[in-house]
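Secondary and tertiary structure notes
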Amino acid sequence: MRDYPYDSIMAARVLGQGYAYLLTAMEHRGESLGLAPSTLVDIGVHTIILDTVAYAELCDKYNSGHFLHHVPKVEFKNDGSVMKTAHRIAADGWEVDLSLWTDAAECGPCHPGNDSH
């Protein structure tokens, strides 16, 4: 809410999807799935990772101590990988807010063969 014109409900939606994305990427570390967030979900992801202490603790707890690195603006993708990611997140049991998953972000995908966001 500090950095974007979101009310508390929208901010919670964006952050929630950011966590679902990151935790799914961590769960599938090393699988080279080419996961990619939408532009709105990517805002949540960036908000989460900028709190580096909390993010490092998240990686420690849910990624076997491995840090999930951020590699910004790898390549803009509009090849269906965003929706594929949303479906992977849903398959892993997370609730997906589909209205936040409508486009590709300039961040991502996780590099095939490289564990990063």
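All values reported here derive from a predicted model rather than from experimental measurement.

**Notes on the layout of surface pockets**
- There is about 260 Å³ of room inside the largest pocket.
- Considering the residues around the largest pocket, the lining is formed by M1, R2, D3, Y4, Y6, A11, V14, L15, I43, H46, T47 and L50.
- Among the secondary structure elements, those contributing two or more residues to the lining of the largest pocket are helix 1 (8-27) and helix 2 (39-50).
- When residues in the lining of the largest pocket are grouped by element, the largest group, 4 residues, is from helix 2.
- Broken down by class, the residue content of the lining of the largest pocket amounts to 8 nonpolar, 2 polar and 2 charged.

**Side note on the side chain of T24**
- In this fold, T24 is placed in helix 1.
- Given the relative accessible area of 1%, T24 is considered buried.
- What T24 contacts, discounting residues up to four positions off in sequence, is L35, R88, I89, D92 and W94.

Calculation criteria
- Residues numbered from 1 in each chain as written.
- Predicted model: local features only at pLDDT ≥ 70, side-chain atom pairs only at ≥ 80, totals over all residues.
- Heavy atoms only, no water.
- 1 Å grid on protein atoms, 1.4 Å probe; cavity = no way out; pocket = protein on both sides within 12 Å on 5 of 7 lines; lining within 4 Å.
- Points joined across faces, edges and corners; volume = space filled by probe spheres on them.
- Helix = DSSP H or I, 4+ residues; strand = E, 2+ residues; numbered from the N terminus.
- Nonpolar A, V, L, I, M, F, W, Y, C, P; charged D, E, K, R; others polar.
- Buried < 20%, exposed > 50% of the residue type's maximum accessible area, 1.4 Å probe, protein only.
- Contact = heavy atoms within 4.5 Å.

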